[in-house]
Amino acid sequence: FTDITEMSRAFDRFSEADMFVNRFYQGGAGQSTMEYASSIASRAIADSNRNPAPPAFRQLSAPKVFGVMKKSSENEVKMDQLRKRLSYGGKMALESNIGSAQRFVTESLPHM
C-alpha cells in the first residue's frame, strides 16, 4: 500500500470479514459463512490496493546502536586480555582487578 486511505479501506473490509469469522466460530453459522468471510478478505486487498507499492525487497538491518554496543563489548574483552597479559607477564605486577576499561586506559595505561 502506498496510500493510507486505501489501507484504511482494506482494514474496514477485514473488520467486516472478521464479523463473519466470529459468527462461524461461535457456532451460529454454517460453512458458507466462513467461505463468505474468506471472499470478503480476499477482495479487501484486491479492491483497496489500487496503487500498489513497487515490488522491491528492502533489506532489514539492526539499528546502529547494536554495532556500537558490540564494538564496546569487543573493546572491553581486548582491554581485559591486555590487563591480564601485562599483569601475568612478569614485566609489571598489576592488581588482578584493575577496574573498567575506561579507567584502565585513562589511569593505568599511560604510566606503562
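See the structure printed just above.
Here we summarise the structure given alongside this text. (Residues numbered from 1 in each chain as written. Predicted model: local features only at pLDDT ≥ 70, side-chain atom pairs only at ≥ 80, totals over all residues. Heavy atoms only, no water.)

What to know about the overall build of the chain
Then, number 1: For the chain, the helix and strand inventory stands at four helices and zero strands.
Then, number 2: Along the chain, from the amino end to the carboxyl end, the secondary structure elements read α-α-α-α.
Then, number 3: Across the 112 residues of the chain, 13% fall into the buried class.
Then, number 4: For the chain, long-range pairs separated by at least 24 residues make up 45% of all intrachain contacts whose partners lie at least 6 apart in sequence.
Then, number 5: On the chain, roughly 9000 Å² of surface is accessible, and the fraction owed to carbon and sulfur atoms is 55%. (Helix = DSSP H or I, 4+ residues; strand = E, 2+ residues; numbered from the N terminus. Buried < 20%, exposed > 50% of the residue type's maximum accessible area, 1.4 Å probe, protein only. Contact = heavy atoms within 4.5 Å. Areas by Shrake-Rupley, 256 points an atom, 1.4 Å probe, with all protein chains shown as cover.)

Things to note about the packing of aromatic side chains
Then, number 1: A complete count under the given rule lists three aromatic pairs for this structure.
Then, number 2: Summarising the aromatic geometry, the rings of F20 and Y36 are spaced 4.8 Å apart at their centres and angled 90° between planes, so their arrangement reads as edge-to-face. Placement of the pair is F20 in helix α1 (residues 4-25) and Y36 in helix α2 (residues 31-48), with a sequence separation of 16 residues.
Then, number 3: The exposure class assigned to Y36 is partly exposed, which follows from its relative accessible area of 44%.
Then, number 4: When the ring of F24 is compared with that of Y25, the centres are 5.2 Å apart and the planes differ by 80°; the resulting orientation is edge-to-face.
Then, number 5: A relative accessible area of 22% places F24 in the partly exposed class. (Phe/Tyr/Trp six-rings, centres within 6.5 Å; stacked < 30°, edge-to-face > 60°.)

Focus on α1
Then, number 1: When the terminal C-alpha atoms of α1 are compared, their 31 Å separation across 22 residues agrees well with the 32 Å that a helix rising 1.5 Å per residue should span.
Then, number 2: All of the buried residues along α1 are E6, A10, A17 and F20. The buried side chains of α1 occupy one side of the element, clustering within an arc of 70° when seen end-on. Of the exposed residues in α1, the ones pointing more than 90 degrees away from its buried face are I4, F11 and Y25.
Then, number 3: Once α1 ends, the next one or two residues include G27, with phi positive near 90°. (Expected span 1.5 Å × (residues − 1). Arc of directions from axis to C-beta.)

Comments concerning the pattern of salt bridges
Oppositely charged side chains can pair when the atoms bearing their charge come close.
Then, number 1: By the definition in use, this model includes two salt bridges.
Then, number 2: Ionic pairing is found between R13 and D47, a salt bridge with its closest N-O pair at 2.7 Å. Of the two residues, R13 sits in helix α1 while D47 sits in helix α2, which places them 34 residues apart along the sequence.
Then, number 3: We classify R13 as partly exposed; its relative accessible area is 25%.
Then, number 4: Looking at D47, the relative accessible area reads 32%, which means it is partly exposed.
Then, number 5: With a closest N to O distance of 3.3 Å, R50 and D47 form a salt bridge.
Then, number 6: We classify R50 as exposed; its relative accessible area is 53%. (Salt bridge = Lys/Arg side-chain N within 4 Å of Asp/Glu carboxyl O.)

Section: the packing of α1 against α2
Then, number 1: Contact geometry of α1 with α2 gives a least axis separation of 8 Å together with a crossing angle of 175°. As judged from the angle between their axes, α1 and α2 are roughly antiparallel. Only Q31, T33, M34, Y36, A37, I40, A41, A44, I45, D47 and S48 of α2 make contact with α1, whose side of the interface consists of E6, R9, A10, R13, F14, E16, A17, F20, V21, F24 and Y25. (Axes fitted to C-alpha atoms, helices over the stretch in contact; angles between N-to-C directions. Parallel < 35°, antiparallel > 145°, perpendicular 65-115°, else oblique.)

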